[in-house]
Amino acid sequence: MTSKLYLGTNLKMYKTNRDTAEYISLLSALTGDLDPDRLQLFVIPSFPAIADASRLADHRRIQIGAQNMHWAEAGPFTGEVSPLMLRELSVDIVELGHSERRHVFGETEEMIRLKTDSALRHGFTVLLCVGETAGEKEAGRMDEVLRGQLAAALDGLSPECADRLWIAYEPVWAIGAHGQQAEPGYAGCRFREIRGALLRLWGRRGEEVPLLFGGSVNAENAESYLQLSEVNGLFIGRSAWDAFRFSELIHSLAER
Ligand code: 13P
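Remember, it's a predicted structure, so these values are computed and weren't measured experimentally.

Rules used in this analysis
- Residues numbered from 1 in each chain as written.
- Predicted model: local features only at pLDDT ≥ 70, side-chain atom pairs only at ≥ 80, totals over all residues.
- Heavy atoms only, no water.
- Helix = DSSP H or I, 4+ residues; strand = E, 2+ residues; numbered from the N terminus.
- Contact = heavy atoms within 4.5 Å.
- Areas by Shrake-Rupley, 256 points an atom, 1.4 Å probe, with all protein chains shown as cover.
- Lys, Arg positive; Asp, Glu negative; His and termini not counted.
- Charge placed at Lys NZ, Arg CZ, Asp CG, Glu CD.
- Buried < 20%, exposed > 50% of the residue type's maximum accessible area, 1.4 Å probe, protein only.
- Pairing = 2+ DSSP bridges.
- Right-handed = clockwise from strand over helix to strand, strands pointing away.
- Phe/Tyr/Trp six-rings, centres within 6.5 Å; stacked < 30°, edge-to-face > 60°.
- Lys NZ or Arg CZ within 6 Å of the ring centre and 35° of its normal.

### So, the overall build of the protein chain
Link 1 in the chain: Scanning the protein chain from terminus to terminus reveals ten helices and eight strands.
Link 2 in the chain: With the C-alpha coordinates of the protein chain rotated into their principal frame, the extents come out at 45 × 45 × 35 Å.
Link 3 in the chain: Across the protein chain, every contact between residues at least 6 apart in sequence was considered, and the portion connecting residues at least 24 apart equals 71%.
Link 4 in the chain: A total accessible area of about 11300 Å² is found for the protein chain, and carbon and sulfur atoms account for 50% of it.
Link 5 in the chain: Looking at the protein chain, you have 27 positive and 36 negative side-chain charges, and the mean spots of the two groups are 1 Å apart.

Below you can see the structure in the form of structure tokens.
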């Protein structure tokens, strides 16, 4: 299993191009002392902010991601963004299957499978997000849901994809929530399920896939998730959007 620490943020639809550029510049300056061989930072801005973010970032220290991608290289798909467009901007990571894409915009497992396959073929790292809803949790179906999401997204991929796949487990009910946090013990069970599914799919190569936790991560609870044996990093929303606060959190976790 990788010993590298992965810490990153999804900016969702919160920062303009100018805000993002300021954020990247500041975060770069504040975290320039940290060893990129031991710590992988990443920021995933909105589409209009990617070009400037990508130009400003030292990609060895801070990788830049896109929040979504269409699977086709070009076509009559109004409002969509293609792998070629992202590659031209030196995007490193494509985030796919985020809960807001699945549940607000109705993305299906089949769309996520096509996007995952295309993103990997075009040379990106895929940050695949999986997680159960509150209803699925209450029905005791969380592990079945996770296995289904993984099987659907990774169907047909070879074990060689393991070195460019990251998985974020984000319980839907804990994302953007106020007061709803996953107990580390509960999250730990889900991570064992995810690792088990990867091992069944890809054998030993399944060990290489970094697993990240997301959903109301903050300075108070971050450490408790990183202590889980299968967890390699954190995927953070609100608590990372102030560069000073995020840098403090990064330093506290990197210097443990
Ligand atoms: P919060 O940390 O704001 O709950 O958001 C997490 C998230 O959606 C990361 O993709």
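### Thoughts on the pairing of strand β4 (residues 93-96)
Link 1 in the chain: The alternating pattern of β4 places Ile93 and Glu95 and Val94 and Leu96 on opposite faces, both of which are buried.
Link 2 in the chain: Examined bridge by bridge, strand β3 (residues 62-66) and β4 share two bridges and lie parallel to one another. For Gly65, the partnering residue across the bridge sits in β4 and is Ile93.
Link 3 in the chain: With helix α3 (residues 83-88) bridging β3 and the parallel β4, this β-α-β connection has right-handed handedness.
Link 4 in the chain: In this sheet, strand β5 (residues 125-130) lies alongside β4 in parallel orientation, the contact comprising four bridges. In the sheet register, Ile93 faces β5, and the bridge partner there is Thr125.

### A short note on the packing of aromatic side chains
Link 1 in the chain: Applying the stated rule across the entire model yields nine aromatic pairs.
Link 2 in the chain: With a centroid separation of 4.9 Å and an interplanar angle of 70°, the aromatic rings of Tyr6 and Trp166 are classed as edge-to-face. Of this pair, Tyr6 sits in strand β1 (residues 5-10) while Trp166 sits in strand β6 (residues 165-169), placing them 160 residues apart in sequence.
Link 3 in the chain: You can call Tyr6 buried: its relative accessible area is 9%.
Link 4 in the chain: Judged by its relative accessible area of 6%, Trp166 falls in the buried class.
Link 5 in the chain: On the basis of an interplanar angle of 70° and a centroid distance of 5.8 Å, the ring pair of Trp173 and Tyr186 is categorised as edge-to-face. Here Tyr186 lies in helix α8 (residues 184-202) and Trp173 lies in the loop between β6 and α8, a separation of 13 residues in the sequence. There is no split in this pair, since Trp173 and Tyr186 are both buried.
Link 6 in the chain: Here the aromatic cluster, defined as three or more aromatic residues joined through ring pairs, consists of Tyr6, Phe42, Trp166 and Phe235.
Link 7 in the chain: Sitting over the face of the ring of Trp173, Lys137 holds its NZ or CZ atom 4.5 Å from the ring centroid.
Link 8 in the chain: Cation over ring: Lys137 sits above Tyr186, and NZ or CZ is 5.4 Å from the ring centre.

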